[in-house]
Amino acid sequence: MTSGRKANGRSSIFKGADGRWHGYVTMGVKDNGRTDRRHVQAGTEKAVTAKVRELERKRDAGGVTSAGKPPTVGEWLTYWLDNVAARKVRASTLQGYRSKVAAHLVPGIGAHRLDRLLPEHVEKFYTACADKPLAPATVLQLHRILSRSLKVAHQRGRVARNVCDLVDSPSVSREEVQPLTAADARAILAAAVEQRNGARWSVALALGLRQGEALGLLWEYVDLDAGLLRVRWQLQRLTGRGLVLVEPKSRASRRTVAVPPQLVDALRAHQAAQAAERELAGDLWDDQVSTLDGKQLRGLVFSQPNGRPIDPRADWAAWKRLCREAGVREARLHDARHTAASVLLAQGVPARVVMELLGHSQIGLTLGTYSHVAPELSRAAAEGIGGALWD
């Protein structure tokens, strides 16, 4: 490389009036369309030449960051949310990410310069979160969000490493499930018989549908003659959008479930009752519900008296009232799903079949979540092998 200024975007090296050697390297184009030309300087021509060649090497390898002041962790998280995560995750997941970033990550660690973030900064942040205290599961979610954003920063040469890889992730003990007893489940179903949308709770306790799956169920996916139900949508509330239908997050969640004959009868009765409500509402009946991409669908299985979707918060309150009326403990709504899984396993249904009915993507999740049923299954297995070999 020779001294002197170079035209047409080539690198240049020269000795300035200040007695120091200066180098300029064209790196590309800035976001505003102007040429990104970087400046380095040193006391000798040899030293500045080395700096110029290092910049050229980074440029040619595609490892150059944009010009200007390096971003803070908060600025990078905002960029990552808007331009990376927004294209990869579901709207409801993104909404949760944004909430946690704004409430915890930005105030707690966002002021650090991205390229100067240290493992010790992250560890102190986790300690502060635990002292608030935040739930261990929430701290683990913050760790995963931060780590995913830093992984992208590392891949793009923004940071030399993902410091989250050097920090032990917060530990979370698996929450013990609390299924209802079969007697409690029967009491709830008996109390629900005379209630409006009573079949809603049969779907929860017999099929283990998640709340969003039950509230987003459409009649076009229910075949009462065949006794089959297809899970294709979930109803969720999104900030700025209200209640919308979103597709399940995994292929396993999009499943077909066999419906017990008793539940088929309950759904037929519910369908007739809903038809009467539709006739009574007349022009006020509005059963349209939007999907995330703006498509309009009709025919919710469980709806308000005017056909509109049921707010998840109202659904939760109705479940609480039903538990009180049935004389059982005020269980979580998700415990109805746990009840369905536990009863199925206790009845000897293979774990892989239960996995598919629940929409789990891995058998380990099913076996780990419902390990409380394992002793009963082990006893049944022991009796079975004993009968086969000794009787």
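This text follows the structure it describes.
The notes below deal with the structure included here. Note that the structure is predicted; figures quoted are calculated from it, not measured.

Some words on helix H10 (residues 312-326)
The first and last C-alpha atoms of H10 sit 21 Å apart over 15 residues, in line with the 21 Å expected at 1.5 Å per residue. Those residues of H10 that fall on the buried side of the exposure criterion are Pro312, Asp315, Trp319, Lys320, Leu322, Cys323 and Ala326. Looking straight down H10, one finds its buried side chains confined to an arc of 160 degrees; they lie on one side. Exposed and oriented more than 90 degrees from the buried face of H10 are Arg313 and Glu325. Close packing links the buried residues of H10 with helix H6 (182-192), helix H7 (199-207), helix H8 (211-215), strand S7 (242-246) and helix H11 (334-346). Where H10 begins, the side chain of Asp311 points an oxygen toward the backbone nitrogen of Arg313, at a separation of 2.7 Å. Just downstream of H10, Gly327 is the residue with a positive phi angle, here 75 degrees.

Description of the packing of helix H2 (residues 73-83) against helix H5 (residues 136-155)
In contact at an axis separation of 10 Å, H2 and H5 are set at 85 degrees when each is read in the N-to-C sense. Of the possible angle classes, the one that applies to H2 and H5 is roughly perpendicular. Only Ile145, Leu146, Arg148, Ser149, Leu150, Val152 and Ala153 of H5 make contact with H2, whose side of the interface consists of Val73, Trp76, Leu77 and Trp80. Tallied by class, the residues present in the contact of H2 with H5 amount to nine nonpolar, one polar and one charged.

Regarding H2
Residues three or four positions apart in an α-helix share a direction because the helix packs 3.6 residues into each turn. Listing the buried residues of H2 in full gives Val73, Gly74, Trp76, Leu77, Trp80 and Leu81. For H2, the buried positions fall inside an angular range of 160 degrees around the axis, keeping them on one side. The inward-facing, buried residues of H2 abut helix H3 (91-109) and H5.

Some remarks on the pattern of salt bridges
Between side chains of opposite charge, pairing is possible as soon as their charged atoms come close. Tallying each qualifying case throughout the model produces 17 salt bridges. In this structure, Arg255 and Glu213 form a salt bridge, with 2.8 Å as the shortest nitrogen-oxygen distance. Residue Arg255 is located in the loop between S7 and strand S8 (256-258), and its partner Glu213 is located in helix H8; the two are separated by 42 residues in the primary sequence. Here the two residues Arg255 and Glu213 agree in accessibility, since each one is buried. We note a salt bridge from Arg268 to Asp225, for which the minimum N-O separation is 3.1 Å. Here the residue Arg268 occupies a position in helix H9 (residues 261-281), and Asp225 occupies one in the loop between strand S4 (222-223) and strand S5 (228-230), the gap between them amounting to 43 residues.

Quick notes on the layout of surface pockets
When its volume is computed, the second largest pocket comes out at roughly 460 Å³. As for the second largest pocket, its lining consists of 20 residues, and the residues nearest its centre are Val193, Gly198, Ala199, Ser202 and Ala266. Mapped onto the lining of the second largest pocket, the elements with two or more residues apiece are H6, H7 and H9. The leading source of residues in the lining of the second largest pocket is H9, at nine residues.

Observations regarding the sheet that holds S8
Judged by pairing direction, the sheet is antiparallel, and its three strands sit side by side in the order S4-S5-S8 without closing on themselves. Every other strand in the sheet has two partners, leaving S4 and S8 as the edge strands with one partner each. As defined by bridge partners, S5 adjoins S8 across three bridges and the pair is classed as antiparallel. Its bridge partner lying in S8, Leu229 is registered against Val257.

Topic: the environment of Arg352
Inspection of the secondary structure puts Arg352 in helix H12 (residues 351-358). Look at Arg352 and you get partly exposed, because its relative accessible area is 47%.

Let's talk about the side chain of Gln234
Looking at the element boundaries, Gln234 is found in strand S6 (residues 234-238). Overall, the relative accessible area of 8% leaves Gln234 in the buried class. At 3.1 Å, the side chain of Gln234 forms a polar contact with the side chain of Arg90. Beyond its immediate stretch of four places on either side in the chain, Gln234 contacts Arg90, Arg210, Gly212, Glu213, Gly216, Val244, Leu245, Val246 and Pro248.

Some words on the nonpolar core
Within the largest apolar cluster, 30 residues are counted, with the highest numbers of intra-cluster contacts made by Trp80, Leu105, Ile109, Val122, Tyr126 and Leu146. Breaking this core down by element, the ones donating at least two residues are H2, H3, helix H4 (119-131) and H5. Val122 has contacts with Ile109, Leu117, Leu146, Val163 and Val167, leaving out every residue within four places of it along the chain. Grouped together as the second largest cluster of nonpolar side chains are 29 residues, Leu235, Leu245, Phe302 and Ile310 included.

Calculation rules
Residues numbered from 1 in each chain as written. Predicted model: local features only at pLDDT ≥ 70, side-chain atom pairs only at ≥ 80, totals over all residues. Heavy atoms only, no water. Helix = DSSP H or I, 4+ residues; strand = E, 2+ residues; numbered from the N terminus. Expected span 1.5 Å × (residues − 1). Buried < 20%, exposed > 50% of the residue type's maximum accessible area, 1.4 Å probe, protein only. Arc of directions from axis to C-beta. Contact = heavy atoms within 4.5 Å. Polar contact = N/O pair within 3.5 Å; in protein donor to acceptor, adjacent residues only side chain to side chain. Axes fitted to C-alpha atoms, helices over the stretch in contact; angles between N-to-C directions. Parallel < 35°, antiparallel > 145°, perpendicular 65-115°, else oblique. Nonpolar A, V, L, I, M, F, W, Y, C, P; charged D, E, K, R; others polar. Salt bridge = Lys/Arg side-chain N within 4 Å of Asp/Glu carboxyl O. 1 Å grid on protein atoms, 1.4 Å probe; cavity = no way out; pocket = protein on both sides within 12 Å on 5 of 7 lines; lining within 4 Å. Points joined across faces, edges and corners; volume = space filled by probe spheres on them. Pairing = 2+ DSSP bridges. Core = buried A, V, L, I, M, F, W, Y, C linked by side-chain atoms within 4.5 Å.

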